[in-house]
Amino acid sequence: MLIISIAIDENKGIGYKGQLPWHLKEELAIFKKNTIGKNIVMGQTTYDNLPRRLKDRHTVIVSADKNYTTDDPEAEVTYDLISFLKEHENDEEEYIICGGASIYRQSYKYCRKAYISFVKGSHEVDAWFDTFEMEDWNVVRKEEYEDFIYTELERKKSIFVTGCTGYIGSHTCVELLSSGFRVIGLDNFSNSKPEVLDKVKQITGKEIKFYEGNMLNRELLEKIFGENRIDAVIDFAAYKAVGDSVRKPVEYYTNNVSSVLTLLSVMKEYNVKGIVFSSSATVYGDKNPVPYDETMPIGNTTNPYGTSKVFVEKILKDLYDSDNSFNVCVLRYFNPIGAHESGLIGEEPNGIPANLMPYITKVANGELDHLNIFGNDYPTPDGTGVRDYIHVVDLAKAHVLGVNKIIGRKGGYLVYNLGTGHGYSVLDIVNAYMKVNNVNIPYVIAPRRAGDIAECYANAAKAKEELGWQAELTLEDMCRSSHKFIMSLRNKGE
């Protein structure tokens, strides 16, 4: 484990009055206590200017001079700091970084803990530690002295969320931020809007560190991974309309599969070995009996969207089989609907909706004249398709549990269904929406849609047993929150 130990003033200045960071008496005592028996990493200049050699500590000297050596039996020399940091960032043994400025800047993103002495006031300094940001850290201990405030911090776990402004992605970002995670997000707004970023901040009081672009852009992914310490990835970046996928299979396979290969390649390059993948119940195809459970075979899908999810699951399983240190959590979810209780974020696809609930809300909002129900001749109680509808907030909370499950594990391949375990027909949803919100939803029966199946619902017992998750919000909650969201958009003229 890598730990920063440093003194900075209120302007993030370091090297106070040209002295070593631990010039204050109490500060020096804390430093000695923190480092005795540990490994200390410092630059050659800092080491050479020590008034005496450090005893009872193993010193790692960082030098750019390939000819630099030391006769100190308690010390070693490294000429490649980044390689050293990558090699030891996940060690149980502690390495304490303590000088100088360049060492701090390069080491910052690799460190999990920090011992910071905030020297009171602004002072004459040698350099600035401008990469240090308090929002990256949680304070675990604080002690105030006459001249400084000693603070111990633990780095927030950083989660890279692709498709972060989309429907499920935005709700998951809210739950991650509310749970103390730092979120780095990527989206190209192909099916979302930039305003979602401000709405997430309005709900949580915290910001997503956002990058705009496409996950197929390897150069952009390398920039993101290079600029941030990432503990795990949640991948939502996929096209998701069943009917659209039948018409545009190449586009779906390119966006949903090729992009994941690019992502995994960059993750391997930067030694990030944890991913939560947004999969779907469509992977069960049309040959398995309901309710679906995780032991059933996948495949026999009826549309390219579902097939793309099968492909990615197989890729992830092959990756894990080839390297058991990877942590993979596949979440197969059924039909998310609903919106955040604030009414600020919800499902608002660009163009004509492909999913049921946003279609209903656009009819309720007056944007569309009527709802098309695709088929009423399925072998179901009322002839319309039956699905396992789950509130998006319940779904988002499951992703937080999935992240917590894989972070810190030494490898694993986990698969969970996320659903209520109860199927509702299309007409059940329409009638519930009208009743809960006291509105009328005109509809017409249209021909069956290519790729649809009769019924689909989950056995979610495994998620309850292993993740401690189960759906809590009701169908009425889903209908009520969806209506609140679409009405708030209309009232704001959005």
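Residues numbered from 1 in each chain as written. Predicted model: local features only at pLDDT ≥ 70, side-chain atom pairs only at ≥ 80, totals over all residues. Heavy atoms only, no water.

(A) The overall build of the protein chain, seen in detail. Helix and strand content of the protein chain: 15 helices and 24 strands. Counting only C-alpha atoms and orienting by the principal axes, one finds that the protein chain spans roughly 85 × 50 × 40 Å. Burial status across the protein chain gives 55% buried among its 494 residues. Residue pairs at least 24 apart in sequence account for 74% of intrachain contacts in the protein chain once pairs closer than 6 positions are excluded. (Helix = DSSP H or I, 4+ residues; strand = E, 2+ residues; numbered from the N terminus. Buried < 20%, exposed > 50% of the residue type's maximum accessible area, 1.4 Å probe, protein only. Contact = heavy atoms within 4.5 Å.)

(B) Representation of the nonpolar core. Grouped together as the largest cluster of nonpolar side chains are 64 residues, with contacts concentrated most on Val161, Ile360, Leu371, Leu418 and Ile441. With sequence-adjacent residues up to four places away left out, Ile441 is seen in contact with Ile360, Val363, Ala364, Leu371, Val430, Tyr433 and Met434. Within the second largest apolar cluster, 36 residues are counted, among which are Ile14, Tyr47, Val62 and Leu81. (Core = buried A, V, L, I, M, F, W, Y, C linked by side-chain atoms within 4.5 Å.)

(C) Focus on helix 11 (residues 356-364). Of all the 9 residues making up helix 11, 9 are buried; the element is thus mostly covered by neighbouring parts of the structure. Among the residues of helix 11, those classed as buried are Leu356, Met357, Pro358, Tyr359, Ile360, Thr361, Lys362, Val363 and Ala364. In this structure, the buried side of helix 11 is in contact with strand 17 (335-337), strand 18 (371-374), strand 20 (389-391), helix 13 (426-437) and helix 15 (475-491). Positive backbone phi, at 90°, marks Gly366, one or two positions downstream of helix 11.

(D) Fine view of the pattern of salt bridges. Going through the model one piece at a time under the given rule, you end up with 24 salt bridges. One salt bridge connects Lys120 with Glu144, and the closest N-O pair in it is separated by 3.0 Å. Of this pair, Lys120 sits in the loop between strand 7 (113-119) and strand 8 (127-128) while Glu144 sits in strand 9 (residues 137-144); the two residues are 24 residues apart in sequence, bridging distant segments of the chain. What makes Lys120 partly exposed here is its relative accessible area of 33%. In this structure, the salt-bridge partner of Lys193 is Glu348, at a minimum N-O distance of 2.9 Å. Linking Lys193 in the loop between strand 12 (182-187) and helix 6 (195-204) with Glu348 in the loop between strand 17 and helix 11, this pair joins segments that are 155 residues apart in sequence. Because the salt bridges share partners, they merge into one network encompassing Glu89, Arg229 and Asp231. (Salt bridge = Lys/Arg side-chain N within 4 Å of Asp/Glu carboxyl O.)

(E) Structural detail: the packing of aromatic side chains. Tallied over the full model, the rule gives 17 aromatic pairs. Look at Phe189 and Phe210: their rings are 5.4 Å apart centre to centre, the planes differ by 35°, and that puts the pair in the tilted class. In this pair, Phe189 sits in the loop between strand 12 and helix 6 while Phe210 sits in strand 13 (residues 209-212), placing the two residues 21 residues apart along the sequence. Taking the relative accessible area as the measure of exposure, Phe189 reaches 14% and is therefore buried. Classification of Phe210 by relative accessible area gives partly exposed; the value is 24%. Seen from their ring centres, Tyr292 and Phe334 are 6.4 Å apart, and the 35° between their planes marks the pair as tilted. Here Tyr292, found in the loop between strand 15 (274-280) and helix 10 (304-322), pairs with Phe334, found in the loop between strand 16 (327-333) and strand 17; they are 42 residues apart in sequence, far enough to count as distant. The class of Tyr292 is buried, set by a relative accessible area of 2%. By the ring-pair criterion, three or more aromatic residues cluster together here, those being Tyr104, Tyr108, Phe118, Phe129, Phe132 and Trp137. Geometry around Tyr108 places Arg155 over its ring, the cationic atom sitting 4.8 Å from the centre. Positioned above the aromatic ring of Tyr413 is the side chain of Lys317, whose terminal nitrogen or guanidinium carbon lies 5.8 Å from the ring centre. (Phe/Tyr/Trp six-rings, centres within 6.5 Å; stacked < 30°, edge-to-face > 60°. Lys NZ or Arg CZ within 6 Å of the ring centre and 35° of its normal.)

(F) Representation of the sheet that holds strand 24 (residues 455-456). Taken together, 3 strands build an open sheet; the order of strands is 22-19-24 and the sheet is mixed. Where the open sheet ends on each side, the last strands, each with one partner, are strand 22 (424-425) and strand 24. As paired strands, strand 19 (residues 386-387) and strand 22 are joined by 2 bridges and run antiparallel to one another. In the sheet register, Arg387 faces strand 22, and the bridge partner there is Tyr424. (Pairing = 2+ DSSP bridges.)

(G) Highlighting the sheet that holds strand 15. Strand order across the open sheet formed by 7 strands is 13-12-11-14-15-16-21, with parallel pairing between neighbours. The open sheet has two edge strands with one neighbour each: strand 13 and strand 21 (412-418). Direction aside, the axes of adjacent strands within the sheet are offset by 15° on average. As judged from the 4 bridges shared by strand 11 (residues 158-162) and strand 14 (residues 232-235), these two strands associate in the parallel manner. What sits directly across from Ile159, in strand 14, is Ala232. (Axes fitted to C-alpha atoms, helices over the stretch in contact; angles between N-to-C directions.)

(H) Just the environment of Val430, in detail. Along the chain, Val430 turns up in helix 13. The contact partners of Val430, leaving out residues within four places of it in the chain, are Ile360, Leu371, Ile441 and Tyr443.

(I) Local environment of the pairing of strand 3 (residues 39-43). Among the 5 residues of strand 3, 5 are classified as buried, and the element is accordingly described as predominantly covered. Because side chains alternate across strand 3, one face comprises the buried residues Asn39, Val41 and Gly43, and the other comprises Ile40 and Met42, equally buried. In this sheet, strand 4 (residues 58-62) lies alongside strand 3 in parallel orientation, the contact comprising 5 bridges. Looking at the pairing, Gly43 lines up with Val62 of strand 4.

Nothing here speaks to function; it is all geometry.
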